Amino acid sequence: MSGSETGPGSQNESKSTYPKRRRTVQQVLQVPDTSSQAEESGDDNDDVSSVTSTEDCSDSPNVMRKRPRGKPRKCKLQFRCTNFLKEDHGQPIFGIQFNYNTKEGYPINFATVGGNRVTIYECLKEGKLKVVQAYIDADTQENFYTCAWTYEDVSGQALLAVAGSRGIIRIISPTTMQNIKHFVGHGNSVNELKFHPRDPNMLLSVGKDHSLRLWNIKTDFCVAILGGVDGHRDEVLSADFNIDGSRVMSCGMDHSLKLWNMNEMITNAMTLSYNYDVSKIKKDISYSEEPLPRLQHT
């Protein structure tokens, strides 16, 4: 039959081509060349193919090697948790930040915000932590989201800015243990606070009102509002300065990144904001006693 006539031919072809493919593997694996023996007899060919097939499976780059069983190798760098704390307010802790402005030899402090509470900790030796101060907002519905450290440019005392769901930015002085200032400008919650890397009085805040605001906490002046047509189309979640404060990168719920260039106009406004004085503004507003004209419906 046609199958019996073509069968031996196909078997001879497979025997003639198989050792040639395996010879390439043998050369790679540095196996002694047995191609001459493989061409003379089919039995030798079967022996060579069985030997090379086992080595081919173990050394082939396409086959994943299994790690030998035994004790796992220890890494040179090992990290472990040295302490564990749980605040008792039962709310998520949304923000935490170290105070990078402390001098060498001073205690290492960091602050956490969650619920209507702000807590300041001190890092002790051997991984121990100590609660230094805690502030509780009078409004139980307040939920702080973010915090940021800075310092007074004259005295050098540390200051802590916090904000959250009510949209009120509070400036806390750990030295006097008081809330010394507050700013209201965002129409809704404030999600992130960042201080300028070169100017400790310039505070950047981002909020749910799709905008970023730059504040001068020394003169209580809103320097700039970043938003509008080229701004975010949804809630702004985070923002940060570059190393020299010349650019700001922000992101939000609109799945976009916005790069803001702190151009000459904004830097001039930052400089002029130090000359701003609230007491010099006229508080007396003159009102006209004449009634407003009425619109007639037709």
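Residues numbered from 1 in each chain as written. Predicted model: local features only at pLDDT ≥ 70, side-chain atom pairs only at ≥ 80, totals over all residues. Heavy atoms only, no water.

(A) How the structure looks around the sheet that holds strand β12 (residues 221-226). In spatial order, the strands read β9-β10-β11-β12; together these four strands make up an open sheet with antiparallel pairing. Edge positions in the open sheet fall to β9 (190-195) and β12, since each of these has one partner strand only. Each neighbouring strand pair of the sheet contributes to a mean axis angle of 20°, computed without reference to strand direction. With five bridges connecting them, strand β10 (residues 202-207) and strand β11 (residues 212-216) associate as antiparallel partners. The residue of β11 that forms the bridge with L203 is W215. (Pairing = 2+ DSSP bridges. Helix = DSSP H or I, 4+ residues; strand = E, 2+ residues; numbered from the N terminus. Axes fitted to C-alpha atoms, helices over the stretch in contact; angles between N-to-C directions.)

(B) Quick look at the sheet that holds strand β6 (residues 158-164). The four strands are arranged β5-β6-β7-β8 in an open sheet whose pairing can be described as antiparallel. Here the strands that pair on one side only, and so sit at the sheet edges, are β5 (144-151) and β8 (178-184). The mean angle between the axes of side-by-side strands here comes to 20°, regardless of whether they run parallel or antiparallel.

(C) Quick look at the packing of aromatic side chains. Applying the stated criterion across every chain yields a total of four aromatic pairs. Aromatic pair F98 and F110: ring centres 5.3 Å apart, planes at 55°, arrangement tilted. Here F98 is found in strand β1 (residues 95-98), whereas its partner F110 is found in strand β2 (residues 108-114), with twelve residues between them in sequence. Look at F183 and W215: their rings are 5.4 Å apart centre to centre, the planes differ by 35°, and that puts the pair in the tilted class. Pair noted here: F183 is in strand β8 and W215 is in strand β11, with a separation of 32 residues, a long-range link. Looking at W215, the relative accessible area reads 5%, which means it is buried. Put simply, the rings of F98, F110 and Y121 touch in pairs and so form one group of aromatic residues. (Phe/Tyr/Trp six-rings, centres within 6.5 Å; stacked < 30°, edge-to-face > 60°. Buried < 20%, exposed > 50% of the residue type's maximum accessible area, 1.4 Å probe, protein only.)

(D) Focus on the environment of L272. Looking at the element boundaries, L272 is found in helix α4 (residues 264-272). In this structure the C-alpha to C-alpha distance between L272 and V223, which are 49 residues apart in sequence, comes to 8.8 Å.

(E) Focus on the side chain of D137. Along the chain, D137 falls in the loop between β4 (129-136) and β5. In this structure the side chain of D137 is engaged in a polar contact, spanning 2.9 Å, whose partner is the backbone nitrogen of D139. With sequence-adjacent residues up to four places away left out, D137 is seen in contact with N116, E142, F144, R166 and R170. (Polar contact = N/O pair within 3.5 Å; in protein donor to acceptor, adjacent residues only side chain to side chain. Contact = heavy atoms within 4.5 Å.)

(F) Here's a closer look at the nonpolar core. With 16 residues, the main nonpolar core has L204, L212, L214 and V248 as its most contacted residues. Listed by contribution, the elements that provide at least two residues to this core are β10, β11, β12, β13 (236-241) and α4. With sequence-adjacent residues up to four places away left out, L214 is seen in contact with M202, L203, L204, F221, C222, V223, A224, F241, M262, I266 and M270. Grouped together as the second largest cluster of nonpolar side chains are 13 residues, L159, I169, I171 and F183 included. (Core = buried A, V, L, I, M, F, W, Y, C linked by side-chain atoms within 4.5 Å.)

(G) Highlighting the pattern of salt bridges. As enumerated under the stated definition, the model contains seven salt bridges in all. Among the ionic pairs, R170 bridges to D137, the shortest N-O distance being 3.1 Å. One end of the pair, R170, is in strand β7 (residues 168-173); the other, D137, is in the loop between β4 and β5, with 33 residues separating them in the sequence. Assessed through its relative accessible area of 16%, R170 is described here as buried. When the shortest N-O distance is used, the salt bridge between D139 and R166 registers 3.3 Å. Highlighted residues: D139 in the loop between β4 and β5 and R166 in the loop between β6 and β7, separated in sequence by 27 residues. A relative accessible area of 38% places R166 in the partly exposed class. Taken together, the shared-partner salt bridges in this structure form one network comprising D137, D139, R166 and R170. (Salt bridge = Lys/Arg side-chain N within 4 Å of Asp/Glu carboxyl O.)

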